[in-house]
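Single-letter residue listing:
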Amino acid sequence: MPKFTCLLPGKELPDLKEDFKNAQRLEQYRLGRLALYLPRGFAWEYLPLSEITRAERSRRVITAGHCVTVREEKPAVDLLAGESSFTINLEKPASAQIVLDALGMNEEERT
């Protein structure tokens with residue numbers, strides 16, 4: 001079983017094995033009922049969903065090329081949990097919407 005490390009010190013969740021096992025695959029991430037899991041080598045870091053106070057759609061711009069430059073916009077989701085902020089970089093716009101829907105935010109602050 002993988003090792004789990006909480007990204008918010010003092011907010012650790014007990015026994016995440018079952019939540020991780022049943023989590024939805026969302027590109028390289030996993031989205032469970034209790035946490036959002038981010039891969040880190042052979043281990044996983046997680047962000048407890050109950051600690052996320054804000055989520056909003058974002059994007060990143062990728063540029064490449066020398067003679068002919070290419071710009072490509074990719075979706076992302078910015079998360080705020082306590083005093084910390086996190087950006088989840090994604091490849092598909094639908095994945096960003098799944099994260100927002102799972103958090104029940106639809107780009108609005110949680111009440």
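Predicted, not measured: the structure shown is a model, and the values here were computed from it.

A. Quick look at the pairing of strand β7 (residues 70-81). Taken together, the 12 bridges between strand β6 (residues 52-64) and β7 define a ladder with antiparallel strand orientation. Bridge pairing in β7 links R57 to V77. Hairpin geometry of β6 and β7 is characterised by an intervening segment of 5 residues between the two adjacent antiparallel strands and by a positive phi of about 100° at G65. Taken together, β7 and the strand that follows it, strand β8 (residues 84-89), pair antiparallel across an intervening segment of 2 residues, in which G82 is found at a positive phi of about 65°.

B. The arrangement of the environment of L7 in detail. Position of L7 relative to the elements: it lies in the loop between β1 (4-6) and α1 (17-21). The contact partners of L7, leaving out residues within four places of it in the chain, are L38, E45, Y46, L47 and F86.

C. Highlighting the sheet that holds β7. Here 3 strands make up an open sheet; going across it, the order is β6-β7-β8 and the pairing antiparallel. Looking at which strands have only one partner, the edges of the open sheet turn out to be β6 and β8. The average undirected angle you get between the axes of adjacent strands in this sheet is 30°. Across the sheet, helix α2 (residues 93-103) lies against β6 and β7, angled at about 170° from β6, the strand it touches most.

D. Fine view of the sheet that holds strand β5 (residues 43-48). Ordered in space as β1-β5-β4-β3-β2, the 5 strands form an open sheet in which the pairing is mixed. The open sheet is flanked by β1 and β2 (24-26), the only strands paired with a single partner. Strand-to-strand, the axes of this sheet are offset by a mean angle of 30°, without reference to chain direction. In terms of strand pairing, strand β3 (residues 29-31) meets strand β4 (residues 35-40) through 2 bridges, oriented antiparallel. Following the sheet pairing, L31 is matched in β4 by L36. Set on the sheet, α2 makes contact with β2 and β3; between it and β2 the angle comes to about 135°.

E. Local environment of the nonpolar core. Counting 29 residues, the largest nonpolar core has L36, Y37, V77, L79, I88 and L103 as its most contacted members. If we ignore the near neighbours within four places in the chain, the residues touching I88 are Y29, L36, L38, A76, V77 and L79.

F. Focus on unusual backbone geometry. The phi dihedral of D15 is positive, around 45°, even though this residue is not glycine. One can find D15 in the loop between β1 and α1. Residue D15 is classed as exposed on the basis of its relative accessible area, which comes to 63%.

What counts and how
Residues numbered from 1 in each chain as written. Predicted model: local features only at pLDDT ≥ 70, side-chain atom pairs only at ≥ 80, totals over all residues. Heavy atoms only, no water. Pairing = 2+ DSSP bridges. Helix = DSSP H or I, 4+ residues; strand = E, 2+ residues; numbered from the N terminus. Contact = heavy atoms within 4.5 Å. Axes fitted to C-alpha atoms, helices over the stretch in contact; angles between N-to-C directions. Core = buried A, V, L, I, M, F, W, Y, C linked by side-chain atoms within 4.5 Å. Buried < 20%, exposed > 50% of the residue type's maximum accessible area, 1.4 Å probe, protein only.

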